[in-house]
Amino acid sequence: MAQVVRSPKVYDVCVIGSGAGGGTAAKVLTEGGLNVVMLEAGPPLNPEKDFKEHMWPYQLPHRGVGVGGEHRHELNDEFIAPNGAWEIEGEPYTSAAGSQFRWFRSRIVGGRTNHWGRIALRFAPVDFRSRSTDGMGDDWPITYEEVSPYYDKVESYIGVFGSKENIPSAPDGIFLPPPPPRCTETIIKKACDKLNIPCVPSRLAILTKPLNGRAACHYCAQCGRGCLTASNFSSSQVMIPPAQATGRLTLITGAMAREIVVGKDGKAEAVAYIDKATRSEKRVHARAFMVAASACESARLLLNSRSPLFPDGLANSSGTVGRYLTDSVGSSAGGYFPRLEKMPPHNHDGVGGMHLYMPWWRYDRKNDFLRGYHIEFGGGRGMPGVGEFDDTCKEHEGYGASLKQYCRSRYGTYIGFAGRGEMIPNEHSYCDVDPHTVDQWGIPVLRFHWQWSDNEVNMAKDMQETFRSIVETAGGTFISKAKSDGRHPYGIEDGGVIIHELGTARMGNNPKTSALNKYSQAHDVNNVFVTDAASFVTNPEQNQTLTIIALSWRASEYLIDQAKKGSLKDENRATKFIARGDMLQP
């Protein structure tokens, strides 16, 4: 029987995961005087070695698309900042019969923040009171007013550009100056003005001015490849370094968390993890635990943390862990704009994301669906890559010089649109532990159950109609592969594809219907917190990362405050957290 290696040291807090929620917790907790150990399932990140910023396709062995072009048209090509994949060898997941769900997982320090689109939108006041507004879903146990000060802290620290627009669905924040619109964005802006659709500067976590020792963006438009100057936000470059600088953070990489171990007193006391390098099980002990492995990984860890005291998984007396799983509603289309063929070649300088976007604008009227969506768009002459002209080649009859000339004429004439909308939780969409499958570490894997409702399908239909209106008003030819029926009605993507999954350990005031309280603290075990998107009650149309960071910051400050007050008290052992110097002592 394999031995379990137990660490003799007891840390103040163990943080599981190093992404948006975990990195933020590490920064706030260590700067608050606590000794923290962080477990990350992947390897360390070395930007100078790992980032492919400014590289040409010919500098990579397979021009960026992998052996045999396996990553052609995929998110995780060889240029992307090292991050994760849709499929990880030896770490499967399953989908129940009739369900289609894709799960993009990260295995590296910084998690998915190494490559995300940096879209940093605040949730609106109404998003915390959805049920009170339209009778569907549930209200959050917190209000916008409670979260707003933490939005302020986050924006002031990480840097978010934008403009104050006074749009109810898109609350204004503390913004850096936005970059000017590019040619393609100006064309769409004029069309939106005619249609009375707001098209305003986007809100991205990218610096347009130096901030907190980080340089301003140099406008290479390659944010997805990673940024050597840390001008765009990532946990690996913005949150974890200051935590390490305190001398109070111990980072353990290659650590696959298997179970949160509970003592006889009902308190969490350790995390059992697999050391991937030695394939041995180890334990790290702490007085409190921050679970921030991403919404579904966190649910998996809680569900697998079974014991006589918690036979259905840790923090799951309500039976809600794994339930209420949602993703953003996503549908896309585009347009061909002949006038762009005549545009003189020029460098489309800017950030690696949109300079303008369309916030939800029909919040004041009845629609064919509840809630709303925003529109992201972009085009122009980016760096050509393998597969760039696949559709163009299908259109053109011929080869050689004529085909090359046709490709050149079409280069940069396409503008794409993507809608991102709110899914309302339903009883058919959730994840649980597959009773028949384990990963290479012997850990039971997740099984996904998924179903879109008519509300989401109607929203996708509306997206497609809006895309068409914008393209044709702008003088373009509408291009869409969406059909009204089939597996993807109106182009709605499979669950998980938008990579906005959340809600699997939601917060609430009632312990019978929620896993966490308003501070992301488990109802059942008060020294366990969940500080990723698992805690979310709803999945508003705004991208979730800014709110993950804000709520993690809030939960971390709450943990520090409660620890100093002695509120995280262990009655059986008659010990409590007491602030002494740089750490909390039992």
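On a predicted model such as this, the values are computed, not experimentally measured, just so you know.

A. Just the overall build of the protein, in detail. Each helix and strand in the protein was counted, giving eleven helices and 20 strands. Relative to the compact-globule value of 25 Å for 586 residues, the protein shows a C-alpha radius of gyration of 24 Å, a close match. Looking at the protein residue by residue over its 586 residues, the buried ones come to 60%. Look at the contacts in the protein between residues 6 or more apart in sequence, and 72% of them connect residues 24 or more apart. Total accessible area on the protein stands at roughly 23800 Å², and carbon and sulfur atoms take up 50% of it. Of the charged side chains in the protein, 65 are positive and 65 negative, and the gap between their average positions amounts to 3 Å.

B. Spatial organisation of the packing of aromatic side chains. Applying the stated criterion to the full structure yields 26 aromatic pairs. Members of the aromatic cluster, connected to one another through ring pairs, are Tyr93, Phe101, Trp103, Phe448, Trp450 and Trp452. The ring of Tyr157 has Lys27 sitting right over it, with the charged end atom 4.2 Å from the ring centre. Note that Arg410 overlies the ring of Tyr336, its terminal NZ or CZ placed 3.9 Å from the centroid.

C. Structural view of the sheet that holds strand β4 (residues 94-95). Spatially, three strands are ordered β4-β16-β15 in an open sheet, and the strand pairing comes out mixed. Sheet topology places β4 and β15 (430-438) at the edges, where each strand pairs with a single neighbour. Where β15 and strand β16 (residues 444-449) come together, five bridges link them in antiparallel fashion. Bridging across to β16, Tyr430 finds its partner in His449. Along the sheet, helix α7 (residues 295-304) contacts β15 and β16; its crossing angle with β16, the most-contacted strand, is approximately 120°.

D. Examining the confidence of the model for the protein more closely. Here the protein averages 93 in pLDDT, and 96% of its residues register 70 or above. Segment residues 570-586 is flagged for pLDDT under 50; beyond a separation of four residues in sequence, or across chains, it makes 39 contacts in the model.

E. A nonpolar patch on the surface, seen in detail. On the surface, Trp56, Tyr58 and Met383 cluster together into a nonpolar patch covering about 350 Å² of accessible area. Examined against the element boundaries, Tyr58 turns out to sit in the loop between α2 (47-50) and β3 (84-85).

F. Spatial organisation of the nonpolar core. Membership of the largest hydrophobic core comes to 130 residues, with the highest contact counts inside it found for Leu29, Ile158, Ile188, Met358 and Phe417. Per-element tally for this core: the top contributor is helix α11 (residues 545-565), with ten residues. Other than its neighbours up to four places away in sequence, Met358 contacts Ile188, Cys192, Ile197, Pro198, Cys199, His374, Ile375, Phe377, Phe417 and Ile470.

G. Summary view of helix α5 (residues 183-195). Between the first and last C-alpha of α5 there are 19 Å, a value that for 13 residues agrees with the 18 Å anticipated at 1.5 Å per step. Those residues of α5 not exposed but buried are Cys183, Thr184, Glu185, Ile187, Ile188, Ala191 and Cys192. Tucked into the core, α5 has its buried residues touching β12 (356-358), β13 (373-379), β14 (414-421) and α10 (454-473). Following α5 by one or two positions, Asn196 has its phi on the positive side, about 60°.

H. Region of the structure containing the side chain of Asp439. Relative to the helices and strands, Asp439 resides in the loop between β15 and β16. In terms of polar contacts, Asp439 uses its side chain to reach the backbone amide nitrogen of Trp441, at 2.8 Å. In terms of polar contacts, Asp439 uses its side chain to reach the backbone amide nitrogen of Ile443, at 2.9 Å. Leave out the neighbours within four places in its chain, and Asp439 touches Gly90, Glu91, Pro92, Met256, Arg300 and Val445.

I. Inspection of unusual backbone geometry at higher detail. Residues other than glycine seldom take positive phi values, yet His54 does so here, at roughly 70°. If you trace the backbone, His54 turns up in the loop between α2 and β3.

J. Fine view of the pattern of salt bridges. A full pass over the atoms with the stated rule returns 33 salt bridges. Among the salt bridges present, the one from Glu91 reaches Lys276, with a minimum N-O distance of 3.6 Å. Of this pair, Glu91 sits in the loop between β3 and β4 while Lys276 sits in the loop between β9 (268-275) and β10 (280-291), and the two are 185 residues apart along the sequence. One salt bridge connects Glu465 with Lys461, and the closest N-O pair in it is separated by 2.7 Å. On the criterion of helical spacing, the pair formed by Glu465 and Lys461 is a turn pair, its members being four residues apart in helix α10. A relative accessible area of 29% means that Lys461 is categorised as partly exposed. Through salt bridges with shared partners, one network takes in Glu91, Arg107, Lys276, Glu297, Arg300 and Asp439.

K. Structural context of the environment of Ser156. Relative to the assigned elements, Ser156 resides in helix α4 (residues 144-158). A relative accessible area of 36% means that Ser156 is categorised as partly exposed. Taking the C-alpha atoms as reference, Ser156 lies 34 Å from His285; in sequence the two are 129 residues apart. If we ignore the near neighbours within four places in the chain, the residues touching Ser156 are Ile174, Leu211 and Asn212. Within the local environment of Ser156, its side chain forms a polar contact with the backbone oxygen of Asp152, the two atoms lying 2.8 Å apart.

L. Spatial organisation of the side chain of Asn114. With respect to the helices and strands, Asn114 occurs in the loop between β5 (105-106) and α3 (130-134). Take Asn114: its relative accessible area is 1%, and that puts it in the buried class. A polar atom in the side chain of Asn114 sits 3.2 Å from the backbone oxygen of Gly111. With residues up to four places along the chain from it excluded, the contact list for Asn114 reads Leu45, Ala81, Pro82, Ile108, Val109, Cys223, Gly226, Ser234 and Ser236.

M. Structural context of the pairing of β10. The buried fraction of β10 is high, at ten of twelve residues. Between β9 and β10, which pair antiparallel in sequence order, lie four residues; one of them, Arg279, sits at a positive phi of approximately 60°.

N. Spatial organisation of the sheet that holds strand β11 (residues 329-336). Judged by pairing direction, the sheet is antiparallel, and its six strands sit side by side in the order β6-β12-β13-β14-β11-β17 without closing on themselves. The open sheet has two edge strands, β6 (200-201) and β17 (477-479), and neither has a second partner. Pairing of β13 with β14, which is carried by seven bridges, proceeds in the antiparallel orientation. Pairing of Glu376 across the sheet is with Ala418, part of β14.

Cut-off values and rules
Throughout this description, residue numbers start from 1 for each chain and increase along the sequence as written. Totals for whole chains, interfaces and linings use all residues, but because this is a predicted model, local features are given only for residues with pLDDT of at least 70 and pairs of side-chain atoms are given and counted only at 80 or more. For the side-chain quantities, the full set of heavy atoms in the structure was used; hydrogens and water were omitted. To qualify as a helix, a DSSP run of H or I must reach at least 4 residues; to qualify as a strand, a run of E must reach at least 2; elements of each kind are numbered from the N terminus. The globule rule used for comparison is 2.2 Å times the number of residues to the exponent 0.38, while the radius of gyration itself is calculated over C-alpha atoms. Relative accessibility thresholds used throughout: buried, under 20% of the residue-type maximum; exposed, over 50%; partly exposed, between the two (1.4 Å probe, protein chains only). Should any heavy atoms of two residues lie within 4.5 Å, those residues are counted as being in contact. What sets the accessible areas is the Shrake-Rupley method with a 1.4 Å probe; for residues, cover comes only from the shown protein chains. Only four residue types enter the charge count, namely Lys and Arg as positive and Asp and Glu as negative; His and the chain termini do not. Just so you know, the charge point we use is NZ for Lys, CZ for Arg, CG for Asp and CD for Glu. Here the aromatic set is Phe, Tyr and Trp, taking the six-membered ring for Trp, and pairing holds for ring centres within 6.5 Å; pairs whose planes are under 30 degrees apart are stacked, those over 60 apart are edge-to-face, and all others are tilted. A ring is considered to have a charge above it if a Lys NZ or an Arg CZ atom is located within 6 Å of its centre and within 35 degrees of its normal. Criterion used throughout: strands pair if DSSP finds at least two bridges between them. Inter-axis angles, ranging from 0 to 180 degrees, are taken between N-to-C directions of lines fitted to C-alpha atoms, where helices are fitted over the stretch in contact. Within a predicted model, pLDDT stands for the predictor's per-residue confidence, ranging from 0 to 100. A patch consists of residues whose relative accessible area exceeds 30% and which take part in no salt bridge; residues with like charges are grouped when within 9 Å of each other, and nonpolar side chains (Val, Leu, Ile, Met, Phe, Trp, Tyr) when within 5 Å. Salt-bridge detection follows one rule: a side-chain nitrogen of Lys or Arg within 4 Å of a carboxyl oxygen of Asp or Glu. Among the buried residues, those of types Ala, Val, Leu, Ile, Met, Phe, Trp, Tyr and Cys that are joined through side-chain atoms within 4.5 Å form a nonpolar core. Multiply 1.5 Å by the residue count of a helix minus one, and that product is the helix's expected span. In protein, a polar contact requires one atom able to donate a hydrogen and another able to accept it; more generally it is a pair of N or O atoms within 3.5 Å, and residues adjacent in sequence count only if both atoms are side-chain atoms.

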